Amino acid sequence: MFSRKIIIVVLLALFFYESNTVQAQTPANKSLLAEAEKILAASAFTILNGDDTEDRLRADSFFTRQLVQALRTPYSFHYGFDSLKTISRLYAPDSSFRIITWQLMKDFSYYRYKGAIQMNTKDGSLKLIPLYDGADFTENPYDSIRTNQNWIGAVYYNIIQKEYNNKKYYTLLGYDENDARSTKKWIEVLHFDLEGKPLFGGKFFNYPNDINKPKQPVSRFCLEFKKQANAKLNYDAKLDRIVFVKLMSESNEPNKKHTLVPYGTVEGFKWEYGRWVYIPEYEAVEPD
């Protein structure tokens, strides 16, 4: 008897889930979003590839307005916008939200980042949290927990979900062109407060100080290196570790981040008791 009740509950849950999924994928909604995606694609391309600053700024303004309008379509959360190749769209592993980010270049020495978090709502309505890049207004981007109002901008390319003490944490890996001489890659831990507001950063990193890394204590981690040096930083799901390349100065000036290039070995972090704990190079393994 108890088993039959469980089966009935499971079947009802599946029914309601499938009903919501069908509603999310109605032909009318999909048609509206597909048309919006066509309009968005051209401006998304221009934001990154436009020849003139004015063209890029105009495209960014148009894209932002049209994206918000498109996301007001019921159940837009489930629509991937897959043709927007220059716009990052990452879903949390538990599908509780997705984070949309992109880059706006004013010139080769100045970049701004735009973004928003779209929450997955049960009724398909839009709950959108805009992200405002505050990097220009701080001398120390590592110093504190931040909100969506003073976010340290980046284009995110990976998201890792972890838990500690029954609370969920989402680690974001991001790319930042920074300026004309150096590039940054960020590790940023996102979590939500009791009211559902996003918080970026916190005491999540445990590593020894060295000249190439942000000096502890930090609220987020950054790898800064020479432009075009292609220093790797990513999550290896098989190893369950964040792995990044070790850096050295090609001119023996490690204080100058624009001189840092990959050294050939790797180091990394593993999640332990709610923190990313440092893995030295002799223990880190480069992904296949």
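Residues numbered from 1 in each chain as written. Predicted model: local features only at pLDDT ≥ 70, side-chain atom pairs only at ≥ 80, totals over all residues. Heavy atoms only, no water.

Visitor: What should I look at first to understand the overall build of the protein in this one?
Guide: Assigned secondary structure in the protein consists of 3 helices and 14 strands. Relative to the 2.2 N^0.38 estimate, which gives 19 Å for 288 residues, the radius of gyration of the protein is 21 Å and therefore close to what a compact globule would have. The principal-axis extent of the C-alpha atoms belonging to the protein is close to 70 × 55 × 35 Å. Burial status across the protein gives 45% buried among its 288 residues. Just so you have it, the protein exposes about 15,600 Å², and 55% of that area is on carbon and sulfur atoms. (Helix = DSSP H or I, 4+ residues; strand = E, 2+ residues; numbered from the N terminus. Rg over C-alpha atoms; globule rule 2.2 N^0.38 Å. Buried < 20%, exposed > 50% of the residue type's maximum accessible area, 1.4 Å probe, protein only. Areas by Shrake-Rupley, 256 points an atom, 1.4 Å probe, with all protein chains shown as cover.)

Visitor: Would you explain unusual backbone geometry in this entry?
Guide: With glycine set apart, most residues show a phi of negative sign, and most peptide bonds adopt trans. Of the consecutive residues Gln216 and Pro217, the connecting peptide bond is found in the cis state with omega at 0°. Residue placement: Pro217 occurs in the loop between strand S9 (205-206) and strand S10 (221-226). Phi at Phe81 is positive, roughly 50°, even though this residue is not glycine. Secondary-structure assignment places Phe81 in the loop between helix H3 (53-71) and strand S1 (88-91). Here the phi dihedral of Asn230 falls at roughly 60°; this positive angle occurs in a residue that is not glycine.

Visitor: Help me understand the sheet that holds strand S12 (residues 241-249), please; the structure alone is not making it clear to me.
Guide: One key point about sheets: their strands pair by backbone hydrogen bonds, in either a parallel or an antiparallel sense. The sheet built from 5 strands is open, its strands ordered S9-S14-S13-S12-S11 with mixed pairing. Looking at the sheet topology across the chains shown, the edges are occupied by S9 and strand S11 (233-236). Where strand S13 (residues 260-272) meets strand S14 (residues 275-279), 5 bridges bridge the pair, whose relative direction is antiparallel. Counted as the bridge partner of Lys270 is Val277 from S14. (Pairing = 2+ DSSP bridges.)

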